[in-house]
Amino acid sequence: MWMETIVCSAKKGKEKRLEKLLETRNKLKKRNSKCKDAWVCKSVDGSPTFLVQTIFESEDAWRSVSNFIKDKLDPKDGGIESCLVGPPLVGMFFYDVEK
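Okay, so let's go over this structure. These numbers come from a predicted model, not from an experiment. (Residues numbered from 1 in each chain as written. Predicted model: local features only at pLDDT ≥ 70, side-chain atom pairs only at ≥ 80, totals over all residues. Heavy atoms only, no water.)

**Things to note about the overall build of the chain**
Here is step 1 of the chain: The secondary structure content of the chain amounts to 3 helices and 4 strands.
Here is step 2 of the chain: On C-alpha atoms alone, the chain measures out to a radius of gyration of 13 Å, which is about the 13 Å that the 2.2 N^0.38 rule sets for 99 residues.
Here is step 3 of the chain: Split into buried and exposed, the 99 residues of the chain put 34% on the buried side.
Here is step 4 of the chain: The long-range share in the chain, meaning contacts at least 24 apart out of those at least 6 apart in sequence, stands at 71%.
Here is step 5 of the chain: Split by element, the accessible area of the chain, about 6,300 Å² in all, is 55% carbon and sulfur.
Here is step 6 of the chain: A distance of 7 Å separates the average location of the 19 positive side-chain charges in the chain from that of its 15 negative side-chain charges. (Helix = DSSP H or I, 4+ residues; strand = E, 2+ residues; numbered from the N terminus. Rg over C-alpha atoms; globule rule 2.2 N^0.38 Å. Buried < 20%, exposed > 50% of the residue type's maximum accessible area, 1.4 Å probe, protein only. Contact = heavy atoms within 4.5 Å. Areas by Shrake-Rupley, 256 points an atom, 1.4 Å probe, with all protein chains shown as cover. Lys, Arg positive; Asp, Glu negative; His and termini not counted. Charge placed at Lys NZ, Arg CZ, Asp CG, Glu CD.)

**Re the sheet that holds strand β4 (residues 89–94)**
Here is step 1 of the chain: A sheet is described by the order of its strands in space; here 4 strands give the open sequence β2-β3-β1-β4, paired in antiparallel fashion. Where the open sheet ends on each side, the last strands, each with one partner, are β2 (35–42) and β4. Direction aside, neighbouring strands of the sheet carry axes that sit 10° apart on average.
Here is step 2 of the chain: Bridge count for strand β1 (residues 2–9) against β4 is 6 bridges, and the pairing is antiparallel. Each bridged residue has a counterpart across the sheet, and for Ile6 the counterpart in β4 is Val90.
Here is step 3 of the chain: On the sheet, helix α1 (residues 15–30) packs against β1, β2 and β3 (49–56) and is oriented at approximately 165° with respect to β2.
Here is step 4 of the chain: Contacts from helix α2 (residues 59–72) reach β1, β3 and β4, with the element oriented near 125° to β3. (Pairing = 2+ DSSP bridges. Axes fitted to C-alpha atoms, helices over the stretch in contact; angles between N-to-C directions.)

Next comes the structure, spelled out in structure tokens:
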């Protein structure tokens, strides 16, 4: 399995919008059979920082779902970039379900 981990922060005044955009993308990911699980978490310290994690069955699944999200939602809502204070920290990890 592949685990995508994203840490991002909202611009001042854009916290609610970013949270809504992330949740919408999360719901769409979870409806796809190639996505095994996904969640969005907000920082407990009150800062506008979010953790987004998604588990995909493979790299191809990640690419397919990510492109679907980008093609389906970004044209409608403008994407998340305008809400971000800077570039997100993104990491991809291999998750071995056999262990």
